[in-house]
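Listed below are the residues making up each chain.
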Amino acid sequence: MPGPQNAQDFIRALKASSDPPQVGGPLKIDIAREAWENTRLYVPNKAEAIVEWILTRLLKDKARDRAANPVWDSRYWALLSSILVSSGADKHGDNGRALRAWLVPLLSRVPIGPVVLAYLEALSTEASFDPAQYGLVAQCIAILWPLAVPKFNPETLLECFGAAVHLLAVHGGPELSEDRVQALDAHRALSLTVSSYRAALSNAGSKRKQLYTLFLQKHLDVWLRVATRDNERTGVQPPLTSDVYDAGIDTIFGLDILRPSIDQKHDTALAGALERILGTESRTVLRPLPRLFASYVQTVKRHKGALFGQGSSQSSGQVADQVQVASMAFHAVCDALARSGDDQEYWRCRVALLEVVERENLLSLKDEDAKTLLRQDGDIAVQALNTAWDDVRHSITDSAVKVLAALTHIDYDLMASSAAVIVPRLIAMPATVKSALEYTNLLLEYDSKTRNLPISIMHLSEAFSVKHLQRIPGGPKAAYEVASAGPLTSLPFFDELSRAVHNFLTPGQVLETISDVSRTLKEAYDSFQEREARLSADRGDGPRKKRKKDTSVSEDRTEPEYYAVSFALVARTMVVVLRSLPLHTLTEDGRLEAQSAIGEVYRTVTSQALRDGLLQFERMEAWHWQTVVTGALRLHHGLVHVPGVQEQIRMSEALSSAMLSCISTIGISQESVVEVFRTLLHQCSLGTLSPTAVLDQFLGHLEAHLLGHKTTWTGKAHALRSEPEAAIALLHLLADRWLPYFDAWSTPEQHKRFAKILINVRLDVAAPSPGSSLSVPVVITRMLHDAQFWELPNTRDAFIAQLSQQTAPLDELQLPELLSQSATSASRRAPEDVLRFVSAYDILLVTPPEYLPRSTQIELLRRGLVADVLAFATLRHNKKSKVSAHHLLVIREFLRRTIAFLGSVENMTKDFLEYLVEHASTHSEASSAADRDLSSVTMELIDMYQGSLVRSVRRGSAGLVTELVNRYVRCFNTAGSASGRRAALLLLDSVARGDVAEFPTEVVDALRSLAAEMLAFSKKHFLIPRGLELPLDLDLLDTWSHTQTLRRWLQEPAETPVLGGSLARQLFSWKGEERDIATVSPVVLVILLGEVQVAPPTGRGERLEFVIVAYLTLSKLCGNQELASLESRLGAACRTFSMKDFGTLLELIYESLPSQSGLGIEDVASLIRLSPVVLHNAPEGTSKICQSFVTRCLGLFADDERFTADPRLRKELIDLIVRQCNEKPASLRTADLSSLWSLIGTLLAGSPTHEHTTDSAVFHGVVNILSALVRLRRDLVLNTLPHLGFVLRQLLACLRTVRPQLGGKQSRLVLDTLPRWISASQPLSSTESKAIARLLTTLTTKTMVRVHGPAAAETQKPEALARPFSKHAAGVLTAYVTAMNDPLCFVAAAVRRELQPGLFALCDMLGEHNRDAMMVSALDAGGKVTMKALWKEYEKQRYVGKG
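Residues numbered from 1 in each chain as written. Predicted model: local features only at pLDDT ≥ 70, side-chain atom pairs only at ≥ 80, totals over all residues. Heavy atoms only, no water.

A.B. asks: I'd love a proper account of the overall build of the protein chain, names of residues and values included.
C.D. replies: Along its length, the protein chain carries 69 helices and 4 strands. The proportion of buried residues among the 1443 residues of the protein chain is 53%. The long-range fraction of contacts in the protein chain, counting pairs at least 24 apart against all pairs at least 6 apart in sequence, stands at 77%. Accessible area for the protein chain stands at about 62,800 Å²; split by element, carbon and sulfur atoms hold 51% of it. (Helix = DSSP H or I, 4+ residues; strand = E, 2+ residues; numbered from the N terminus. Buried < 20%, exposed > 50% of the residue type's maximum accessible area, 1.4 Å probe, protein only. Contact = heavy atoms within 4.5 Å. Areas by Shrake-Rupley, 256 points an atom, 1.4 Å probe, with all protein chains shown as cover.)

Below, the structure is given as structure tokens:
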């Protein structure tokens, strides 16, 4: 049925009471759509009539079921969008009426607020939504909302804001990712809703309290969910979520809301709402609560004048105190919520709240209520440390310590009285609690400043008392393990303790500290002896009194072990104190007294404990005596390093002999073994003990326990639980401390034993070291990479001799015979023999080749060829042997590395090459990672030898190459010769590097035959019926690309089929793994480039255009490594282009860069990335073409702001310019400088909009460009020095940091002067100031100008820009002084410190006369003070020629 034919029928149809107006006719929406699209139907004010009908229909039927609800019907929104965005209103009958003229009155009659609200609320209840429909709705809202919003009341806007927040919460994803938020904020529809609500809220007046109440009742929970997710993000914050958060903060912390809440000390309405939500959704409240508290503090500080008055009786200090009191009152509300639970989320919230208190400095010394509250937090944290040993409560323990650390930061006195309780509880804490070290460092720092270190030391010793150790479950051994792994016995804590004692212990406290430590150690050992005597009496081993036996006897039997643990831990800690005493600060008499007191400690404690434990041999079978002796040995080792005490500490020969004997005690702990050996080695260094017996036992222990174990050691002595771990510790001890002594003490036999140990260690089976753990390969690698090892003649010679001796049996075998027998089992040897050879080559892989004599390397290389054949034969004919592909890989990797280092392949023969080719597997055939590595190394060996043969052809030796080529011809005739075909391609790569005229005729003829066979082989796989897909096999494609290259090199006619386009299209539509695409893409691109060079001249432009399209598409599918391969292949092909083809390629790139080309941002960025690759691989004779391309690109970049505004384009263009200025400075022309200065000025210019994170790479890129120009093209800069000075002033201005707590307008004043790539929350750091300082000092460095031609280089002399730039130095210094004195921002101290060398260089250029002129004309009073201070620092460091 036809639609309305005139305006009257149309209007009547829209106003009909039924839909459709006529039974069986079209619906009203279809009638309206047809009328709108029918340009012949004249209806006065057609757009207005249709829009009014649509909005009325949406308003009236918004509450109907979804099936009949027009709000869910995309047709209504599509028509409305089409009308609103239509640009030709006159053709639809509106006679050119402005949209606003008729839409504003219409929106006054038909409100859209309820429609928008209904849609957003309904959409929030859906599990998913239609993006297409949502885009139409958002487009309509974006047009209608600004015109309609003046008529909305604040309550309606609040409801719309709540609906928008609910939509974000439901459809924004778990982390409110920027992509999700941008999709929901299509056409900025939600942003308009939020901004409108904020504007209405600021003008709401008396309604603010009503809005506040409604917000708490209806929208607080969903707003907190959005704030929670926003707070979890660690990356860039979407602007919309930040606006949503700010709108909520304006609502709940408005000035009208804060006044009564501050008067009442807390806000009961907000607290009640938060508590209500906390009961059902604790995470929703706890996560954003610290951020909420921080916002409250910032709001109070912002409105402090209005809240607390500015009368004459109010001083600034009183206002600050009131701000602190009010903030802490709200903290009490938040803290009460955070204390209502005891799980991890509640504790994290407490920590974050205290961090805000610390950061904002909220604690007033007069606020006793706040102090009481914070002490309660500390007491709860101390209570939580009762179960510090429990791994289940690890996160809570960590948070509890963070609470204590935060309280210590806020005010140390808050928890000072609890330090004696807290420190002992730290011993049971796992080492993984990183916050414990922070807390202990705070305690040491405070006691250092207050000179109370002796008290800290006593607290520390008391922490290891028996009563505290018994709180750790599991018995004394478990207590020892836990305490030894805790923060109080960690190396970082010992370092801090040592530094504090050495630097801050006063001379008057030294003797007192020695006395306290001596008494502590003696009491700990005496307590152990007392308990041990009681236990011995109970066993009948010693004198005892008669006493009544009771049930406690069994408990008493374990007591000595706890006392042994206490003594060992106290000794470990106190020895750090004794070693660090500042004896140099004492008088001579005081120093002698201190040394005597330390000697007394040794005699009464250390020596006594060693005698009691070691001289009664049977005692060393008990674990607690081993622990005591270990602690005493550790104490002995520390005391002997105290200056002036060595003479008083002498170990008797009986003790030394007892120590040597106790190593073999059954059941002795491995920690004791290591400590005994360390002490014995030290005694040998003092000359009190013969080293021969010690080293024999030491080497025996390594020989017995170091071989063939997959063992790692954490580096902590208490973690030594097995002999292999102790062997690693001993090897590490020897390599790190005693290797020079070992070299001097050892007999030749001992040197030989040590070399055997190193060589026979199975490095291939050792487990990789997790993190910082030590393993045998790690220790040996460090030792062999240390120059000290190779400077020890005895050890070095024994090592090299053992290598030669272990591989010497390989000289008895003849390589040609082995190669002839490699296909049979005749060449097989015992697997044990092969593994012995492999172990020698295994350690050679971790040996720097620079340290081995050339003759030894040649000898090992010759033997390695034999070992390779033996290993392969054993691997091939004995599948069950221990020889694996990894062992063959070890040998071949040694061969490859040695050949590359020596630069010679003279030991390799043609037969060995044929052996490698015949038995090699290609990469695609490898089934495991080891096989793939073996294939890769084998092909590198083949390539090395073949490259050597090709180079020899140019010297006249062509026979071997001809024979090799003929062999490869047969490989392409034979099935299953994949390795031979791969080797042939490697040979062609070497051949193609030269010119065909350099090769003899017989070689060229053989290569022609190879090209024919390769072509036939490729056609067999690629010439397939139309409609079938070509095979995307890497080997086949590589063969095809090499066929193209070889035929071009031979200058044969192009008869090969064109396959590049088909292959590329298959990749574009690839459905498989992206990894496969990334592997094949470079080869396909090479095929496309090869087809360009053989195409007719008329069609090359089109093919080059397809190459660029293929590059853009494939670059999106490749990772960084594959993309680098793609670009290297493209660059190699560019070098073979003709001048015309190269110029066409650059022209195509340039034409695709402007916005009119239609390419997306990513594609344009890829083309800019491609440009330096093409430019730096330009063929000869194309310098003018390259210069023209660069000049036009710089002009384009300078004229189009898109290149500097978009971060992706900006990064690539800066990289392009930096690379061009550094690598090809001679190509720059005077015309390029104008574009460069314009471009740099745009990059550094102020901007009203800013990115969310600072892109410091832009700053470094600009500095690198300027540095290259100053160093290499001084002649061009010389004519544009004012521009250089202006840019330097801009760079210095970028180093400013916005002051915190500024108002919005003040912050905007500063931010508008900063570039868009600097974020207010992330100012530039000292790294950037160091870069610009380096640039400024470069101005004073003499350099040579880089220009073309040798004559120019001969006539010039090195010069600097210092003298000509001196006229502009004042302007740059003025910019620095201005930045320093800006009241709205500051320059950080670290930034100023790193900038000083550059400023001093400017002062040097300026001179005193120009300085005085600048002080008079350019600086105000504050600037003069800053300049005088700078000049004073400059004078301090200036060299004045007086020696």
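A.B. asks: Can you lay out unusual backbone geometry for me, pointing to particular residues and giving the numbers?
C.D. replies: For His-187, which is not glycine, the phi torsion reads 60° and is therefore positive. In this structure, His-187 sits in the loop between α9 (178–184) and α10 (189–202). The phi angle at Asn-361 is positive, at roughly 55°, despite the residue not being glycine. Its location among the elements puts Asn-361 in the loop between α19 (344–360) and α20 (368–384).

A.B. asks: Any chance you could break down the packing of helix α34 (residues 670–686) against helix α36 (residues 723–745) for me, citing the residues and the numbers?
C.D. replies: Following both chains from N to C, one finds α34 and α36 inclined at 5°, their axes separated by 10 Å at the closest point. Between α34 and α36, the interaxial angle falls into the category roughly parallel. Across the interface between the two elements, Gln-670, Val-674, Phe-677, Arg-678, Leu-681, His-682, Cys-684 and Ser-685 from α34 touch Glu-723, Ala-726, Ala-729, Leu-730, Leu-733, Trp-738, Tyr-741 and Trp-745 from α36. Residue composition of the contact of α34 with α36, grouped by class: 11 nonpolar, 3 polar and 2 charged. (Axes fitted to C-alpha atoms, helices over the stretch in contact; angles between N-to-C directions. Parallel < 35°, antiparallel > 145°, perpendicular 65-115°, else oblique. Nonpolar A, V, L, I, M, F, W, Y, C, P; charged D, E, K, R; others polar.)

A.B. asks: Tell me about the pattern of salt bridges, residues and numbers included.
C.D. replies: Summed over all chains, the structure comprises 65 salt bridges. Asp-256 is paired through a salt bridge with Arg-259; the nearest N and O atoms lie 3.7 Å apart. Within this pair, Asp-256 and its partner Arg-259 are both found in helix α13 (residues 255–263), separated by 3 residues, close to a single helical turn. Taking relative accessible area as the criterion, Asp-256 reaches 28% and is therefore assigned partly exposed. If you follow the salt bridges from partner to partner, you end up with Arg-572, Arg-634, Glu-671, Glu-675 and Arg-678 in one network. (Salt bridge = Lys/Arg side-chain N within 4 Å of Asp/Glu carboxyl O.)

A.B. asks: Outline the packing of aromatic side chains, listing residues and values.
C.D. replies: Applying the stated criterion across every chain yields a total of 34 aromatic pairs. Look at Trp-790 and Tyr-851: their rings are 5.3 Å apart centre to centre, the planes differ by 15°, and that puts the pair in the stacked class. Of this pair, Trp-790 sits in helix α39 (residues 787–790) while Tyr-851 sits in the loop between α42 (831–845) and α43 (854–877), placing them 61 residues apart in sequence. A relative accessible area of 4% places Trp-790 in the buried class. Among the residues examined, Tyr-851 registers a relative accessible area of 32% and is labelled partly exposed. With a centroid separation of 5.4 Å and an interplanar angle of 75°, the aromatic rings of Phe-999 and Trp-1049 are classed as edge-to-face. Taken together, the residues Phe-999 in the loop between α48 (978–992) and α49 (1001–1022) and Trp-1049 in helix α50 (residues 1034–1049) connect sequence positions 50 residues apart. Taken together, the ring pairs connect Phe-161, Tyr-197, Phe-215, Trp-223 and Tyr-245 into an aromatic cluster. (Phe/Tyr/Trp six-rings, centres within 6.5 Å; stacked < 30°, edge-to-face > 60°.)

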